[in-house]
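Survey of secondary and tertiary structure
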Amino acid sequence: MNRYLNANFEVEAKNSSSEALARWRKLCSIVKNPKRRFRYMADLEKRSEIEKMRTKNKEKLRVALLVSTAALHFIDGVAAPSSPIVYNVPEDVRAAGFDIDADELASIVEGHDIKKLKWHNGVNGIAAKLFSSITDGIIANEDTLKLRMKFYGLNKFDEKPPRGFLVFVWEASQDLILIILAVCAVISLGVGIGTEGWPDGSFEGLGILISIFIVVLVTAVSDYRQSLQFRDLDKEKKKIFVQVTRNGRRQKVSMYDLVVGDLVNLSIGDVVPADGIFISGYSLLINESSLTGESEPVSVGRDKPFLLSGTKVQDGSGKMLVTTVGMRTGWGKLLATLTEGGEDETPLQVKLNGVATIIGKIGLAFAVVTFIVLTLRMVVEKVISHQSWSGADAIRILNFLATAVTIIVVAIPEGLPLAVTLSLAFAMKKMMNEKALVRHLSACETMGSATCICSDKTGTLTTNRMVVVKVWITNNVKKIGSVKEGESLRSEICGSVLKLLLQCIFQNTGGEVVISEEGKLEILGTPTESALLGFGLSLGGNFATERSESRIIKVEPFNSVRKRMTVVVMLPDGKFRAYCKGASENILKMCNKGLDGSGSVVPLDEIASSDLKNIINGFAAESLRTLCLAYIDLEDNFDPERQTIPTNGYTFICIVGIKDPVRPGVKEAVELCRTAGITVRMVTGDNINTAKAIAAECGILTDDGLAIEGPDFREKSLEEMKTLIPKIQVMARSSPLDKHTLVRQLRTTLGEVVAVTGDGSNDAPALHEADIGLAMGIAGTEVAKESADVVILDDNFATIVNVAKWGRSVYINIQKFVQFQLTVNVVALVLNFVSACITGTAPLTSVQLLWVNLIMDTLGALALATEPPNDDLMKRLPVGRTGSFISNSMWRNIIGLSVYQLIVLAVLEMEGVRLLQLHGSDAESILDTVIFNTFVFCQVFNEISCRDIEKINVLHGTFNNWIFIGVMSFTVVIQVIMVEFLGDLASTVPLSWKLWLVSVLIGFFSIPVAAVVKCIPVSPKQPTDYRGYKALPGGPDESVN
């Protein structure tokens, strides 16, 4: 079976091709209810539509660009004058205080209409007509926001209304086999009443109809609850915040609360939240691939000022005026179709669809043969005994057909693929409570197979609460731990050096110091920027004063390739100066001068450079993150528009040491990973000595581990990498390309299942390449979050370990359910088929089989697929990439329990009357009820024994899962009601307490039988390199070849 599944039902956990997704769908020929079974599968036709829309958008933008270029030439006087633009403001818009309407704004931006923008006096004119300011933004209060939303719309996108409960009832009733069964029941009802009268002739048909109604209702309730869980998760995914300027103050608001006229601050990794017009910024590069499919970034500036919703900031920073929101934007129109495309199905869902298809075909064959055998047997009996045909015979044949159809109901395990979705939905909801937002379903199950985690340092292993604690300046090292120490340092530095330092800190920053509503100073920006700004304030600096003294001309924002940020300012005397900060080694290489105690510029010779390197290494050895600050006075004829900022000849100012403490619990989490067979590697852009110190503190770097720098790693050949990578525990000074290469080699060459953390837009390729991409919820950019499979909301490494634990729980829970359902399948099929061949009747009626189907399908999935994880899961090795899902241990348990149940039920069928000493005319009815009752209790106790595939003690932790207890209790109560009170409808008779005891005891003995079966060895002993830990069932040692 495994070979067949691997050949035909194998898809990637991420980025599967449309061909692979289409292939397995064609093989699913036997499906009872396509609407339900494929509800959470990707809609390949819709995806094709999306690609066509992207191509159309690309062509529209290309045409718009050509038109705008022509318009620019026209405006510059290349063309002759033509007819003037005519625009009349609608009266209601004018009455509301605006001078431009939503349609005009949309036509300008969507059409990239430069000519029309110029006619409206550019971005300043548009802002004025929107009653906004390009410096202070809109005047925001409840009334003005409502007014803007009324005339320009909400920044929300049309979504399909959530499905109501009745929709799920309707979909559950679309089961083809249940419909056939219902038709049989209606015919049986009509014929029965016609021949036997009311109510005697109605019981069989009515019982089937009521059973179908209950099956549909329970299925709908389960599916509806599942949809509510997904709905809650979707709400969490939409919590996106942007930086806007309102009422002259920069603040954070939800993307969906944006209004036309807002000023939005954009930086690397942001998603453009609405259509708008560029106001100001530096080196702004926009990736429009989400909208057009074009991967080449577009440069946005005053010449090309249009920004489109849904695109991403790849580099630089800027400020935009929001002009169009919601469904008026091109992204809004595309998103409506995108949501209908659906999400890729997970590998387990596909594999279990394959299992359901195989078993369904076997069940169909059994059902057909059973119907033929029963019918032929009756015909032969009629011929031999020369009996005439009657209406009762028609009812018998109809019941044979109903039995055959019901066997198909039981035989096709429709619940298998749906149990995966149920388990994933349950796990996603629980993980949400533990600060992990799962964006893609497949990440849950894939994380359970993870063998390696490549983690960032800052914010994941550390707290991301940074503060400058040490500084080297003018040949002195000073501690900065308090206000007093800050004042002391200020008094010791000469005025000119202090001025340079404060200018470098406050001018060369992506952060801000603002006055909060309470009137207090508030620092906005990344943790690193905040630490530096806090350091500047502790030295008595004033952010607004320092910024006003010089004018920023050009900015090179920090990115993980350059590892520095540089800004060019115009000084009060009209000269240009560049301030630079960044990775210590890089900045030091750019410098050939330094400052002495008096503020004089002195040469930076080899000895001085060596001393500075030692200072940097000393800071790093104390687990401090080091940054260097420098400046250069540029030539008078420097042209910021045409010339690049120099990368050498700088004057060294200082080294700052930033403390970022290791998170509590990280060391224990890393040790737990090691116990679980998961290798943790630190991949960071920091200095190698800082990285080694932090890694050792976290327990990542061991005596036999290797720490390497990115530049050294990228120079290695593929063969050298293959040998080197298994030893690497720390990679420092790494670029995004280094991280991507490491991940790719781990996956492809070494066959690892890799989880990768990331927070910046440059981490997107590695997150995309990894089996599981983990983005940081606090420090992460929107681009990183969109590329990730899971968002770690608290940026904590311990949460990643919890995700791995839940992933393993999902995987093994599905295995438990598969084992349980396949056991029920085997017993029900063989029992009905053999009994039909030997006795001419099926021991279980249609109503009883429908109840069994409910136990093994919806209720079984609820009980077994929602088991919470336990600590033992992290004492086993991961399944890895090559593990087989249906393991030898599972086959052993399925066969062992099936044989036990079949033997017991066969003995009851053949010798039950004698063994149970049944007498009287109702002996056969009592025996049939005992067989039915015994069969159900065998499944109840089988479900308990399935709680652990390997362990004998299956009761451990039972009371931690109230869903399991609830399902078991519900099953027993309904069984008692069916046997004792629904006799005619369920074809049962009340049983004595002794017969109840017999049924329950036979069922109970499933547990000791399962314990004995589990003692049978099925696979070779674990190899010694497993360090004594037990692999998850389904691991490489238990694969079925």
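Here we summarise the structure given alongside this text. (Residues numbered from 1 in each chain as written. Predicted model: local features only at pLDDT ≥ 70, side-chain atom pairs only at ≥ 80, totals over all residues. Heavy atoms only, no water.)

**Some words on the packing of aromatic side chains**
Scanning all chains against the criterion turns up 11 aromatic pairs. Pairing F98 with F151 gives two aromatic rings, centres 6.4 Å apart and planes at 65 degrees, and the pair type is edge-to-face. You can see F98 sitting in the loop between α5 (91-95) and α6 (102-110) and its partner F151 sitting in helix α9 (residues 142-152), a full 53 residues away along the chain. Taken individually, F98 and F151 each receive the classification buried, so the pair is uniform in this respect. Pairing F1004 with F1005 gives two aromatic rings, centres 6.3 Å apart and planes at 70 degrees, and the pair type is edge-to-face. Taking the relative accessible area as the measure of exposure, F1004 reaches 39% and is therefore partly exposed. (Phe/Tyr/Trp six-rings, centres within 6.5 Å; stacked < 30°, edge-to-face > 60°. Helix = DSSP H or I, 4+ residues; strand = E, 2+ residues; numbered from the N terminus. Buried < 20%, exposed > 50% of the residue type's maximum accessible area, 1.4 Å probe, protein only.)

**Here we look at the sheet that holds strand β21 (residues 679-683)**
On the basis of which strands lie adjacent, the open sheet formed by eight strands has the order β8-β26-β25-β24-β9-β21-β23-β22 and mixed pairing. Single-partner strands in this sheet number two, and they are β8 (436-438) and β22 (706-709). Between one strand axis and the next, the sheet turns through 20 degrees on average, direction left out of account. Bridge count for strand β24 (residues 754-758) against strand β25 (residues 772-776) is four bridges, and the pairing is parallel. In the strand pairing of β25, V756 is matched with G773. Those strands touched by helix α29 (residues 736-748) are β9 (452-455), β21, β23 (728-732) and β24, and its axis lies near 165 degrees from that of β24. (Pairing = 2+ DSSP bridges. Axes fitted to C-alpha atoms, helices over the stretch in contact; angles between N-to-C directions. Contact = heavy atoms within 4.5 Å.)

**A short note on the pattern of salt bridges**
A full pass over the atoms with the stated rule returns 28 salt bridges. Of the charged contacts, one joins R625 and D686 as a salt bridge, the two residues approaching to 3.0 Å between their closest N and O atoms. Linking R625 in strand β19 (residues 624-633) with D686 in the loop between β21 and α26 (688-698), this pair joins segments that are 61 residues apart in sequence. The class of D686 is buried, set by a relative accessible area of 6%. Of the charged contacts in the structure, one is a salt bridge between E950 and R892, with a shortest N-O distance of 3.9 Å. Of the two residues, E950 is situated in the loop between α35 (923-945) and α36 (962-981) and R892 in helix α34 (residues 888-915); the sequence distance between them amounts to 58 residues. A relative accessible area of 10% places R892 in the buried class. (Salt bridge = Lys/Arg side-chain N within 4 Å of Asp/Glu carboxyl O.)

**Overview of the packing of α35 against helix α39 (residues 1006-1014)**
Relative orientation of the contacting elements α35 and α39 amounts to 40 degrees, with a least axis distance of 8 Å. The pairing of α35 with α39 is recorded here as oblique in orientation. Handedness of the α35/α39 crossing: right-handed. Residues C938, F941, N942, I944 and S945 of α35 lie in contact with α39, whose contacting residues are S1006, I1007, A1010 and K1014. (Parallel < 35°, antiparallel > 145°, perpendicular 65-115°, else oblique. Left-handed = near helix turned anticlockwise from the far one by under 90°.)

**Description of the nonpolar core**
Soluble globular proteins: nonpolar side chains tend toward being buried together. In terms of nonpolar packing, the biggest core is built from 137 residues, with M447, I772, V790, F797, I814, V818 and F935 touching the most fellow members. Examining the composition of this core, we find that 19 residues originate from one element, helix α32 (residues 797-839), more than from any other. In contact with V818, not counting residues within four places along its chain, are L352, L416, F885, I886 and M890. The next biggest cluster of nonpolar side chains, apart from the first, holds 47 residues, and it includes I100, I240, V244 and L266. (Core = buried A, V, L, I, M, F, W, Y, C linked by side-chain atoms within 4.5 Å.)

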